[in-house]
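Letter by letter, the chains look like this.
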Amino acid sequence: MENQNGKRKAVVIIRERNGNSLPAVFGTEGAALNWIKSRIAEGTVINADEAAAWNGLHSASK
């Protein structure tokens, strides 16, 4: 806790397989959900780590 100053940001990168990458910076990972959902087509296969912040992406890939 001593090294935390409240200025931390989440850098999120969405990337097409064998394609382009699009980075963005957010206050939290959860704040990136709408940004991600607005940039992917329905039915897209999404891969992410197991962080709880990404649970909202399950509905985006259906």
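See the structure printed just above.
Parameters at a glance
- Within each chain, residues carry numbers counting from 1 in the order of the written sequence.
- The predicted origin of the model limits local features to residues at a pLDDT of at least 70 and limits the giving and counting of side-chain atom pairs to 80 or more, whereas totals for whole chains, interfaces and linings rest on all residues.
- Water and hydrogen atoms were dropped before computing side-chain values, which therefore reflect all heavy atoms in the structure.
- Put simply, DSSP H or I for four residues or longer makes a helix, DSSP E for two residues or longer makes a strand, and each gets a number counted from the N terminus.
- The classification of residues rests on relative accessible area computed with a 1.4 Å probe and restricted to protein chains. Under 20% of the type maximum is buried, over 50% is exposed, and intermediate values are partly exposed.
- Two residues qualify as a contact provided that any one of their heavy atoms is within 4.5 Å of a heavy atom in the partner residue.
- Here the accessible surface of atoms and residues is derived via Shrake-Rupley with a 1.4 Å probe, and residues count as covered only by protein chains that are part of the display.
- Strand pairing is defined by DSSP finding a minimum of two bridges between the two strands.
- Like-charged residues are merged into a patch within 9 Å and nonpolar side chains (Val, Leu, Ile, Met, Phe, Trp, Tyr) within 5 Å, provided each residue has over 30% relative accessible area and no salt bridge.
- Think of a salt bridge as a Lys or Arg side-chain nitrogen and an Asp or Glu carboxyl oxygen that are within 4 Å of each other.
- Put simply, buried Ala, Val, Leu, Ile, Met, Phe, Trp, Tyr and Cys residues joined by side-chain atoms within 4.5 Å make one nonpolar core.

Visitor: Hey, could you run me through the overall build of the protein in this one?
Guide: Along its length, the protein carries one helix and two strands. The helix and strand sequence of the protein, counted from the amino end, reads β-β-α. A burial count over the protein gives 19% of its 62 residues as buried. When contacts within the protein are restricted to residue pairs at least 6 apart in sequence, those whose partners lie at least 24 apart make up 11%. With an accessible surface of roughly 5200 Å², the protein has 47% of that area assigned to carbon and sulfur atoms.

Visitor: Can you help me understand unusual backbone geometry in this one?
Guide: Note on backbone geometry: most residues besides glycine have negative phi, and most peptide bonds are trans. Positioned with a positive phi, Asn18 is a non-glycine residue whose angle comes to about 55°. Position of Asn18 among the secondary structure elements: in the loop between β1 (10–15) and β2 (21–26). Residue Asn18 is classed as exposed on the basis of its relative accessible area of 77%.

Visitor: How do you make sense of the pairing of β1 when you look at a structure like this?
Guide: Moving residue by residue along a regular strand, the side chains alternate between the two faces of the sheet. Burial along β1 is one-sided: Ala10, Val12 and Ile14 are buried, while Val11, Ile13 and Arg15, pointing the other way, are not. Sheet analysis places β1 next to β2, joined by six bridges and oriented antiparallel. If you follow Ile13 over to β2, its bridge partner there is Pro23.

Visitor: What am I meant to see in a nonpolar patch on the surface here?
Guide: Among the surface-exposed residues, Val11, Ile13 and Val25 lie close enough to one another that they form a single nonpolar patch of about 310 Å² accessible area. Its place among the elements puts Val11 in strand β1.

Visitor: Explanation requested: the nonpolar core in the structure shown.
Guide: Across soluble globular proteins, you tend to see nonpolar side chains buried next to one another. Grouped together as the largest cluster of nonpolar side chains are 10 residues: Val12, Ile14, Ala24, Phe26, Ala32, Leu33, Trp35, Ile36, Trp54 and Leu57. At the level of elements, β1, β2 and α1 (33–37) are the ones that each hand at least two residues to this core. For this core, the element with the highest residue contribution is α1, accounting for three residues. Contact partners of Trp35, with chain neighbours within four places excluded, come to Val12, Ile14, Leu22, Pro23, Ala24 and Phe26.

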